[in-house]
Amino acid sequence: MMNMREAAVKAWIGIWYVVYVVLRVLLRLLIGKRRRNWVLNLLGIYRDREFSAKYSGFLRYEPRVYRVIKNVLSKKNSRSFVDLGAFIGLHTIYAYRILRRKKDFTIIAVEPNPHNYQILLEATRNIAGIRLVGEAIFIKDNEKVEFYLGSRGPNGLSMSSKIIPSGYHVSGWFLTSEVIKVRSVRLDTLIRRSGLDKVNLVKMDIEGAKYQVLTDPSLDLTRIDNLVVEVHYRYGSRESWEIMRALARHGFKIVPLYPDPNSNSFYLLACRSEIPW
């Protein structure tokens, strides 16, 4: 027998899905597919919101990622979180709210976009236990690399800046013509210099660079227990399989999180022991 809360959630998911589909169709007819994707991105409208209502009870960006963060960091022995592509600290602050109850913890937030970094700095200025890094994760250390700035939304924030633009970002109009230089650092170097023997969870949203980083044969992931990655390639594509095979060679169990075969991106969970889902 369905209780009132379950009925309400089911009704909300249905209503949201109908509104979402109607809006996508109307925008596609009026302005075309590429401009539609750009508008939906600016407005912050994502299909994940229906999933969020089911598992969180309210609207939340990237609900799959939040669920993994909660399940991993709530464990008794969890003490560390690395946020790659921290943006303005949404996942960083959420992780802090879980880990602050513990005696010792470390959170590292990496955000190479200078504008986003300043907002992240203000958001975490008075929080002990969070270290900020203004470098870009890539396959080499201490190099000045070209960094493509993403389109800004109405709030002035850019969610899609990147070192290597993927087809997903180019076709979706997520980029501007502005390119800056940022300093790079390898993921394994970042972890070593942080002094962490073990990282309980790495969240990776480094846009177009994740393929090069994760398939790098010299990458050392032995200190990482869990990763949750937003992959900006269609599930089943050559690039997505190469990323999954590379992580499997590092000893991870590979768990695609409800991939949509019609989408150009999906979330991927890699874990060494119990699946935190």
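Placed above this text is the structure.
Residues numbered from 1 in each chain as written. Predicted model: local features only at pLDDT ≥ 70, side-chain atom pairs only at ≥ 80, totals over all residues. Heavy atoms only, no water.

## Some points on the pattern of salt bridges
Following the criterion strictly, the structure yields eight salt bridges and no others. Of the charged contacts, one joins Lys198 and Asp225 as a salt bridge, the two residues approaching to 3.8 Å between their closest N and O atoms. With Lys198 in the loop between α8 (187-194) and β7 (201-204) and Asp225 in the loop between α9 (210-214) and β8 (226-231), this residue pair connects regions lying 27 residues apart in the sequence. Within the structure, one salt-bridge network assembled from shared partners comprises Arg186, Asp188 and Asp216. (Salt bridge = Lys/Arg side-chain N within 4 Å of Asp/Glu carboxyl O. Helix = DSSP H or I, 4+ residues; strand = E, 2+ residues; numbered from the N terminus.)

## Focus: the packing of helix α4 (residues 63-73) against helix α5 (residues 90-99)
Between α4 and α5, the shortest axis-to-axis distance is 10 Å and the interhelical angle comes to 25 degrees. Between α4 and α5, the angle falls in the class roughly parallel. Classified by chirality, the crossing of α5 by α4 is right-handed. Counting all contacts with α4, which are made through Val65, Tyr66, Ile69, Lys70 and Leu73, the residues of α5 involved are Leu90, His91, Tyr94, Ala95, Ile98 and Leu99. (Axes fitted to C-alpha atoms, helices over the stretch in contact; angles between N-to-C directions. Parallel < 35°, antiparallel > 145°, perpendicular 65-115°, else oblique. Left-handed = near helix turned anticlockwise from the far one by under 90°. Contact = heavy atoms within 4.5 Å.)

## Observations concerning the nonpolar core
With 40 residues, the main nonpolar core has Leu84, Ile137, Leu187, Leu190 and Ile224 as its most contacted residues. Once you skip the residues sitting within four places of it in the chain, Leu84 turns out to touch Val110, Ile137, Leu187, Leu190, Val202, Lys203, Met204, Asp205 and Ile206. Counting residues in each nonpolar core, the second largest holds 23 residues, with Tyr66, Val72, Tyr94 and Tyr96 among its members. (Core = buried A, V, L, I, M, F, W, Y, C linked by side-chain atoms within 4.5 Å. Buried < 20%, exposed > 50% of the residue type's maximum accessible area, 1.4 Å probe, protein only.)

## A short note on the sheet that holds strand β1 (residues 80-84)
Strand order in the open sheet formed by seven strands is β3-β2-β1-β7-β8-β10-β9, and the pairing between neighbours is mixed. Either end of the sheet is taken by a strand with one partner, and the two such strands are β3 (130-133) and β9 (253-257). The sheet shows a mean angle of 15 degrees between the axes of neighbouring strands, taken without regard to direction. Across five bridges, β9 lies against strand β10 (residues 266-271) in antiparallel orientation. Across the sheet, Lys253 pairs through a bridge with Cys271, a residue of β10. Across the sheet, α5 lies against β1, β2 (106-110), β3 and β7, angled at about 175 degrees from β1, the strand it touches most. (Pairing = 2+ DSSP bridges.)

## A look at the packing of aromatic side chains
Enumeration according to the criterion identifies six aromatic pairs in this entry. When the centroid spacing of 6.0 Å and the interplanar angle of 40 degrees are considered together, the rings of Tyr235 and Trp241 count as tilted. Accessibility expressed as a relative area gives 30% for Tyr235, which makes it partly exposed. On the basis of relative accessibility, which here comes to 37%, the residue Trp241 falls in the partly exposed class. Consider the rings of Tyr258 and Trp277, whose centres lie 6.0 Å apart with planes at 45 degrees: the pair is tilted. Of the two residues, Tyr258 sits in the loop between β9 and β10 while Trp277 sits in the segment after β10, which places them 19 residues apart along the sequence. Directly above the aromatic system of Trp277 lies the positively charged group of Arg67, at a separation of 4.3 Å from the ring centroid. One residue, Arg272, lies across the ring of Phe252, its end atom 3.9 Å from the ring centre. (Phe/Tyr/Trp six-rings, centres within 6.5 Å; stacked < 30°, edge-to-face > 60°. Lys NZ or Arg CZ within 6 Å of the ring centre and 35° of its normal.)

## Some details on a nonpolar patch on the surface
Residues Tyr17, Val18, Val21, Val22, Val25, Leu26, Leu29, Leu30 and Ile31 make up a contiguous nonpolar surface patch of roughly 820 Å² in combined accessible area. Inspection of the secondary structure puts Tyr17 in helix α1 (residues 4-31). You can call Tyr17 partly exposed: its relative accessible area is 39%. (Patch = residues over 30% accessible without salt bridge, like charges linked within 9 Å, V, L, I, M, F, W, Y side chains within 5 Å. Areas by Shrake-Rupley, 256 points an atom, 1.4 Å probe, with all protein chains shown as cover.)

## Brief notes about α8
With six of eight residues buried, α8 is to be regarded as a mostly interior element. Taken residue by residue, α8 has Leu187, Asp188, Thr189, Leu190, Ile191 and Ser194 as its buried positions. Looking one or two residues beyond α8, the residue adopting positive phi is Gly195, at roughly 85 degrees.

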